[in-house]
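Breakdown of the fold
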Amino acid sequence: MIITQIKLKNWKNFLDVDVPLHERTYLLGANASGKSNLLDVFRFLRDVSKSQGGGLQKAIHDRGGIKMVRCLHARKDTEVKIEVSLAENGEESQTWRYVLAFKSEPKGEHRVLISSEEVYSRGKRILHRPDENDKNDPARLTQTAMEQIQANSNFRDLVKYFEETTYLHLVPQLLKFNDQIGGQFLEGDPFGQGFLERVARTPKTTRDSRLEKIGSALSLVVPHFHELHFIKDDYTGRPHLEAKYAHHRPNGALQREDQFSDGTLRLIALLWVLYEGDSLLLLEEPELSLNNSIVQQIPILFQHISRNRRKRTRQILTSTHSEALLSNTGIDPKGVLLLESAQEGTRIRTINEREAVLLKDGFSISEAVLSQTALDTAKQLSIYN
Ligand SMILES: Nc1ncnc2c1ncn2[C@@H]1O[C@H](COP(=O)(O)OP(=O)(O)OP(=O)(O)O)[C@@H](O)[C@H]1O
Ligand SMILES: [Mg+2]
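Residues numbered from 1 in each chain as written. Chains lettered and ligands numbered in written order. Predicted model: local features only at pLDDT ≥ 70, side-chain atom pairs only at ≥ 80, totals over all residues. Heavy atoms only, no water.

1. Remarks on helix H5 (residues 156-163)
The cut-off we apply is this: The buried label applies to any residue whose accessible area, calculated with a 1.4 Å probe on protein chains only, is under 20% of its type's maximum; exposed applies above 50%, and partly exposed to all values in between. Helix and strand assignments follow DSSP, with helices taken as H or I runs no shorter than four residues and strands as E runs no shorter than two, numbered in order from the N terminus. The directions considered for the arc are those from the helix axis to the C-beta atoms.
Inspection of H5 places Leu158, Val159, Tyr161 and Phe162 among the buried residues, and these make up the whole buried set. When H5 is viewed along its axis, its buried side chains cluster within an angular range of 160° and face the same direction.

Right, here's the structure in full:
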């Protein structure tokens, strides 16, 4: 299943958004244009949908309250609204549509209340709130049907889909120095600190075959790198990744993840999540720490792994600033979204006619589109030299 369309009202720096999403969607925009804020919509839906330790109130609270979530440019209409449509891969017709709108109570406790929640299954509305029960007991409007097992039985597949959304922004240092830092994890582990535990939890056969494929991919790009294995430390019982580094001695040397380069670790995590599950995958700037020649291959890697999987492809939404990544001519321009800051928040658009002509003439996304995300004012940074 993939998300085919997103509509937003008053979400963070977006006043009004209505854009299509594709199996591979690339988000382009200057710093602070809202790429991470857009990805956060799907993390928000994931947090709302969690029946344990989740829910609407916690998802808003974790983001600093409704004032942080609601667009600062919102004037009279202060309702925050998210609407997503989903379809089976390769199918035109809509499978699900979910609408969630909320705002704070004008008086009293100023609770955040749901102003509308709707679920459509193949075009037929199967949930419509506020309903009679909500009207009789407004406190019910503090909880979505999504987060309540007794209320979501008719659309559990949708709940599960949102719940399984993966966000990856692996920070190698957090993984390498996890023990020294004290091992505090943020919920959902967005920075990959728990990556090794995730590998450890995977059944052995799946884990070994995945690591073998990842190891052989890495041996193509990381000098002297051979054979990637999972091990458990005999003494502490902690999970580790181990690789063989070939050198002048016949058996080479074994190195653990804390000795891997930052780029190697990021690449391992990236390849691992591409093999894992078929839910929505949110990737923040996968180009970080990687050499341009590898970054350029990332779109191909996405395609290659999708083809090799028995399960259906997973939808990947990627934020990027990378010229190298976007110079790959295999990227489908339909999946490119441009975030442009305007007076009243950020607008999102697809490729325009002029850019489409350039792309037809053989220019890459990097040449035809990315160059427009550069800020004129950025040139002024040179005065600080
Ligand atoms: N509620 C809000 N209303 C308006 N603007 C907001 C709101 N919340 C955050 N912002 C703005 O959103 C911007 C940050 O957006 P975000 O982190 O998504 O940018 P980005 O495109 O991911 O940038 P980068 O490329 O640097 O990672 C900040 O300028 C912040 O002020
Ligand atoms: Mg960002």
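2. Looking at unusual backbone geometry
In this chain, Arg129 is followed by Pro130 through a cis amide linkage whose omega measures 0°. By the element assignment, Pro130 lies in the loop between strand S7 (124-129) and helix H4 (132-136).

3. Section: the packing of aromatic side chains
Counted only if it meets this: Working definition: a ring pair exists when centres of Phe, Tyr or Trp rings (six-membered ring for Trp) sit within 6.5 Å. Plane angles under 30 degrees give stacked, over 60 give edge-to-face, the rest tilted. Here, a charge over a ring means that NZ of Lys or CZ of Arg falls within 6 Å of the ring centre while also lying within 35 degrees of the ring normal.
One pass over the structure, following the stated rule, counts seven aromatic pairs. Following the ring pairs from residue to residue traces out a cluster consisting of Trp11, Phe44 and Phe102. Geometry around Tyr120 places Arg97 over its ring, the cationic atom sitting 4.1 Å from the centre. Taking NZ or CZ as reference, Arg207 lies 4.0 Å from the ring centre of Phe230, over its face.

4. Concerning the domain arrangement of the protein
One widely used convention gives an interface's size as the accessible area the parts lose upon coming together. Cut-off, in case you're wondering: The start and end points of each domain follow an automatic or database-based domain assignment.
Partitioning the protein into structural domains gives domain 1 (1-165 + 315-385) and domain 2 (168-278). For domain 1 versus domain 2, the distance between C-alpha centres works out to 31 Å.

5. A closer look at helix H14 (residues 353-360)
Stated formally: Whenever two N or O atoms come within 3.5 Å, that pair is a polar contact, provided that in protein one can donate a hydrogen and the other can accept it, and provided that, for residues adjacent in sequence, both atoms are side-chain atoms.
A side-chain oxygen of the first residue of H14 lies 3.3 Å from the backbone nitrogen of Arg354; this N-cap is Asn352. In the segment just after H14, Gly362 is the residue with positive phi, at about 100°.

6. Quick notes on the environment of Leu241
As a reminder of what qualifies: The contact criterion used is simple: two residues touch if any of their non-hydrogen atoms lie within 4.5 Å.
You can see Leu241 is positioned in strand S10 (residues 239-245). Separated by 15 residues in sequence, Leu241 and Arg256 have C-alpha atoms that sit 5.7 Å apart. If we ignore the near neighbours within four places in the chain, the residues touching Leu241 are Phe195, Leu196, Val199, Leu211, Leu228, His229, Phe230, Gln255, Arg256, Glu257, Phe260 and Ile268.

7. What about the site of ligand 1?
Formally: Any residue with at least one heavy atom within 4 Å of a molecule or strand is counted as near it. Every accessible area reported is derived by Shrake-Rupley at a probe size of 1.4 Å, with residue values counting cover from the shown protein chains alone. Any residue outside Ala, Val, Leu, Ile, Met, Phe, Trp, Tyr, Cys, Pro, Asp, Glu, Lys and Arg is labelled polar, Gly included; the first ten of those are nonpolar and the last four are charged.
Lining the immediate surroundings of ligand 1 are 16 residues, of which Asn31, Ala32, Lys35, Arg70 and His321 lie closest. In the model, an oxygen atom of ligand 1 is placed 2.8 Å from a nitrogen or oxygen of the Ala32 main chain. Interatomic distance of 3.3 Å between a backbone N/O atom of Ser33 and an oxygen atom of ligand 1. Relative to its free-state accessible area of 660 Å², ligand 1 is covered by the protein chains to the extent of 69%. Ranked by the residues each element gives to the shell around ligand 1, the list is headed by helix H1 (residues 35-49), at three residues. Here the residues of the shell around ligand 1 are counted per class, giving five nonpolar, seven polar and four charged.

8. Here we look at the sheet that holds strand S5 (residues 96-104)
The cut-off we apply is this: Note on pairing: DSSP must find at least two bridges between two strands before they are called paired. Angles shown run from 0 to 180 degrees and are taken between the N-to-C directions of axes, each axis being a line fitted to C-alpha atoms and, for helices, limited to the stretch in contact.
Pairing is antiparallel in the open sheet, where six strands are placed in the order S2-S1-S4-S5-S6-S7. Looking at which strands have only one partner, the edges of the open sheet turn out to be strand S2 (14-20) and S7. In this sheet, adjacent strand axes meet at a mean angle of 10° when their direction is disregarded. Pairing analysis gives seven bridges linking strand S1 (residues 2-11) to strand S4 (residues 80-87), with the strands arranged antiparallel. From the neighbouring strand, Gln5 faces S4, where its bridge partner is Ser85.

9. Focus on the sheet that holds strand S11 (residues 253-256)
In spatial order, the strands read S9-S10-S11; together these three strands make up an open sheet with antiparallel pairing. The open sheet has two edge strands, strand S9 (225-232) and S11, and neither has a second partner. On average, adjacent strands in this sheet sit at an angle of 30° to one another, irrespective of strand direction. Bridging between S10 and S11 involves four bridges; their strand directions are antiparallel. Looking across to S11, one finds that Glu242 is bridged to Arg256. Along the sheet, helix H9 (residues 204-221) contacts S9 and S10; its crossing angle with S9, the most-contacted strand, is approximately 150°.

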